[in-house]
Each structure stands twice: as C-alpha cells, then as structure tokens.
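Take a look at the letters that make up each chain.
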Amino acid sequence: MSEYAKDGFENTTSELYETFDDVSSIEYALTHITQLTLDTFLNVNYGVLCEAICIFGIFFNIINIIVFVKQGFEESVNISLLGLAVADTAALTSQVWMNMMFSPVVPYVPYAWYTTLYLTGSWPHVTSTRAVSLLTVFITLERYLCVALPLKIKRIITHKTTAIIVTFIFLFTISTAIPVYAACYVGDYFDPATNSNTITLFYIPNGLEIESIGVSFGAGVHIVSFTLVVAFTAALIKQLHSKSKWRKSSSSASKNKNISNRDKVVVKMIIFISGTFIACYSPSFFGTIAIMCVPEFGVAGKYQNIFNIYYSFVFTIDSFNSAINIFVYLKMSSKYRQVFLRMFSGVLCFDYKKV
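Residues numbered from 1 in each chain as written. Predicted model: local features only at pLDDT ≥ 70, side-chain atom pairs only at ≥ 80, totals over all residues. Heavy atoms only, no water.

**Remarks on a nonpolar patch on the surface**
(1) Moving on: Together, Val 44, Val 48 and Leu 49 give the surface a local cluster of nonpolar side chains, amounting to about 230 Å² of exposed area.
(2) Moving on: Looking at the element boundaries, Leu 49 is found in helix H2 (residues 35–71).
(3) Moving on: When its relative accessible area of 43% is taken as the criterion, Leu 49 is described as partly exposed. (Patch = residues over 30% accessible without salt bridge, like charges linked within 9 Å, V, L, I, M, F, W, Y side chains within 5 Å. Areas by Shrake-Rupley, 256 points an atom, 1.4 Å probe, with all protein chains shown as cover. Salt bridge = Lys/Arg side-chain N within 4 Å of Asp/Glu carboxyl O. Helix = DSSP H or I, 4+ residues; strand = E, 2+ residues; numbered from the N terminus. Buried < 20%, exposed > 50% of the residue type's maximum accessible area, 1.4 Å probe, protein only.)

**A short note on the environment of Ile 178**
(1) Moving on: One can find Ile 178 in helix H7 (residues 178–183).
(2) Moving on: The class for Ile 178 is exposed, based on a relative accessible area of 52%.
(3) Moving on: Separated by 35 residues in the primary sequence, Ile 178 and Ile 213 have C-alpha atoms spaced 9.9 Å apart.

**Regarding the packing of aromatic side chains**
(1) Moving on: Considering all chains together, one arrives at 22 aromatic pairs under this definition.
(2) Moving on: With a centroid separation of 4.8 Å and 40° between ring planes, the pair formed by Phe 307 and Tyr 311 is classed as tilted. With Phe 307 and Tyr 311 both in helix H10 (residues 304–323) and 4 residues apart, this pair spans about one turn of that helix.
(3) Moving on: The exposure class of Phe 307 is buried, given its relative accessible area of 10%. (Phe/Tyr/Trp six-rings, centres within 6.5 Å; stacked < 30°, edge-to-face > 60°.)

**Some details on the packing of H2 against helix H11 (residues 325–332)**
(1) Moving on: It is at 9 Å that the axes of H2 and H11 come closest, and there the two elements cross at 45°. Judged by the inter-axis angle, H2 sits oblique to H11. Listed contacts from H11 to Phe 60, Ile 63, Asn 64 and Phe 68 of H2 are Ile 326, Phe 327 and Tyr 329.
(2) Moving on: The class makeup of the residues in the contact of H2 with H11 is 6 nonpolar, 1 polar and no charged. (Axes fitted to C-alpha atoms, helices over the stretch in contact; angles between N-to-C directions. Parallel < 35°, antiparallel > 145°, perpendicular 65-115°, else oblique. Contact = heavy atoms within 4.5 Å. Nonpolar A, V, L, I, M, F, W, Y, C, P; charged D, E, K, R; others polar.)

**Concerning unusual backbone geometry**
(1) Moving on: A positive phi is found at Asn 206, a non-glycine position, where the angle reads about 65°.
(2) Moving on: Along the chain, the position of Asn 206 falls in the loop between strand E2 (196–203) and helix H8 (207–249).

Listed below in structure tokens is the structure:
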C-alpha cells in the first residue's frame, strides 16, 4: 500500500471513530437523563404551563359551545365547529387530570396513581385529539369543496350530512381505543413492601398483543389525518388564490361581492385554524413516526426519559391548539363576535351594539 493510500485509509478510519464517538455520546446523553431533570421538565410542563393552558382552554371552549348553539346552525360549518369545541373540551379535561399528578400545588400523589394515568388520562386525551384531527380534516375538506364546487357541494353536504359525519367521527375515534381498554384494566394489588392494598395496571392474557393493535391503528389514524389536513389546507389556499384572481377579472364579480367576501372570511378562518393545527400537531406527528421507527422510544423503552420529556412538550402544545380557537373566532367571525358580545355585555358593562 502506498504512503498516500495509507494516509487516506488512516484518516478515514479516524473520522469513522470520531463519528462513532459522537453517536455514542448522543446515545449516552439520551439514555442517562437524571430523575431530577425528568421531574423538573414534567413538573414545569405538565404541572404549570399545561395546567394553566387547560384550565383557561376549558373555559374558552365552553364559551365556544354556548355561542355556536346560540348562533344557530344556519350554516353547516357551525355544526362542525361545535363538534370541534366539544372535542377540544374533552382533550383539555382529560389533560387536566394528567397535569394534577405533576402539579406543585398537590403535595403528595401515591405512586400507584401514576400507573392509572395510562387509562384514565393519557388515552382519553389521545382519543380526543384524534377527534380534533379528523374534525379538522373534515372542516378543511368541506370548505375546500365549497370554494371549488360551490353549487354542487351544498346539495351534498347538508346540515343533516354534516351532523352524521361529525357524530361518526366521535364514534370512530372512541372505537380506536377499544383494543387498549380491552387489553388492560385498573385493579387492586397487594404491595408486600407496605403491607397494604393499592391500585395498579393489569394486562389480560395476550393483552400486549391486543393493545398493540389499537396503538398501531391509532398511530395510522394520526399520521393519515395530519397528512390530509396539510394537503387540504394547501389545496384550499391554492383554490382561494385562483378564485380571487378569477373574480377580479370577471365582470360579474361585483354582483356576488357580498357573498364572495363572506365566504372568503370563513375560508380564511378555516385556513388559520388548520394552519395552527399543523403547527401545533407537528411535534406529535414526528413523535409518532419516531415511535414506529425506534422501538426503544417509548414509555418502557431505553429512551423512556427523553420520551416522557418530549411528550410533555407535545401534550402542552396540543393543549394550546385546543385552547386558542376562541381568539380566531372573535377576530374573524362577525356573527360569533356579535353573539359573544351580547352574552357578556351585561357582565362587562358596555353596549355591544356600539362595539
């Protein structure tokens, strides 16, 4: 071997060793997160940030539900937005229970309670967020079709059809959790260390295999729904842009000015809602991909600590998405704003008609 080739071989080997050292260092860091670090992230994210977001979010979504009911369902999109508010409320309520386990306000939480979170907090929250995802898919698709095929779609997606689809989405998302609840349960357990009964999570025979069916199916629903929201939002933006250009060049545009402006406001509101959803659910989407690609990235895997830290951010951001729609409605929907102001004019001591 020539000196030049030998030097090149040694340099390549040295670079490979450095790369392996870097990978080993990263893996060591990911697998050796201290309990103090883990507790700090969980207490701050769940116990403080997420808890505050959820409490305000539940209040905001209750207002959303009341306003949409008072506003009526003259437009079918109000039915979908009402369903979205209900799903957001369910997601935030179940998250509150999870957050309490890590709240600095709660002085002591028995360890056994943590084992029940999987069924009493985590899965109700995940199931509710899937309903949020699928409802966002439907809302975005329905609004895209209203822009692309305004005459045909109004005969297809009626108020009754919308109510049936929204109801089906809730029933479908609940059904995705059935394998998990069939696979395990919360029961009494005698702890010899404390010589007392406690509660913990039990699996039936072949429970892990049954559970994996629900987890895999749910992951698939999450990935598909997120991808569809991205695709339909992009298509809606493109369709709105092309329609706007056509209306500017059409001599009949002025005749439909009021209608087109109203539809445009609704479309922009839906784009903002779906865009916020995409931004807030991206961490959850990539986390699901990571779980499928890295088996050790899970609750009981080698990377369990980084998994728990990562998902404390995911759940906090998910909750933020479920809490902020009220501000979108107030800013972009005149009908919503009018009903809202009428509701609170007495409390806030002002004349809503002058606002």
